[in-house]
Amino acid sequence: MAARKTTDDRPQATVQTQQYAAGTGWEVGQAAPSDAFRALDDQAAPYGPVVHTHPGGHARLIVAKGATVTESAARELAAESAED
């Protein structure tokens, strides 16, 4: 069986798979589909995107995989999507 060759030279879209996808399984009362973290600066203020893997340095775990999404976690996740 011959290998299939593509002649499409267009650049492919880059998707950051570890970034939080708003509205997908993150509603209050649902089980979180993955961990959600946010980095903290030197004064413990949150910054940057919500990510599924620990961003390194100081970070806050918003919700752990399989845990029930609470109202406060949902607010923080919603605040992230509003910042985009």
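Below: a short report on this structure.

What counts, and where the lines are drawn
Residues numbered from 1 in each chain as written. Predicted model: local features only at pLDDT ≥ 70, side-chain atom pairs only at ≥ 80, totals over all residues. Heavy atoms only, no water. Buried < 20%, exposed > 50% of the residue type's maximum accessible area, 1.4 Å probe, protein only. Helix = DSSP H or I, 4+ residues; strand = E, 2+ residues; numbered from the N terminus. Pairing = 2+ DSSP bridges. Salt bridge = Lys/Arg side-chain N within 4 Å of Asp/Glu carboxyl O. Core = buried A, V, L, I, M, F, W, Y, C linked by side-chain atoms within 4.5 Å.

Let us now look at the pairing of strand 1 (residues 36–40). Taking burial as the measure, the 5 residues of strand 1 include 5 buried ones, the bulk of the element. Here strand 1 shows no split at all, with Ala36, Arg38 and Leu40 on one side and Phe37 and Ala39 on the other all buried. As paired elements, strand 1 and strand 3 (residues 59–63) share 4 bridges and run antiparallel to each other. Residue pairing for strand 3: Ala39 is matched across the bridge by Ala59. The pairing of strand 1 with strand 2 (residues 46–51) spans 3 bridges and is antiparallel. Among the inter-strand pairings, Leu40 is bridged to a residue of strand 2, identified as Pro46.

Here we come to the pattern of salt bridges. Throughout the structure, instances matching the rule amount to 2 salt bridges. Linking Arg38 and Glu76 is a salt bridge whose minimum nitrogen-to-oxygen distance equals 3.3 Å. Here Arg38 is found in strand 1, whereas its partner Glu76 is found in helix 1 (residues 71–83), with 38 residues between them in sequence. An identical accessibility class is assigned to Arg38 and Glu76; each is buried. Of the charged contacts, one joins Arg60 and Glu76 as a salt bridge, the two residues approaching to 2.8 Å between their closest N and O atoms. Of this pair, Arg60 sits in strand 3 while Glu76 sits in helix 1; the two residues are 16 residues apart in sequence, bridging distant segments of the chain.

If you look at the biggest cluster of nonpolar residues, it comprises 10 residues: Trp26, Ala32, Ala36, Val50, Ile62, Val63, Val69, Ala73, Ala74 and Leu77. The element contributing the most residues to this core is helix 1, with 3 residues.

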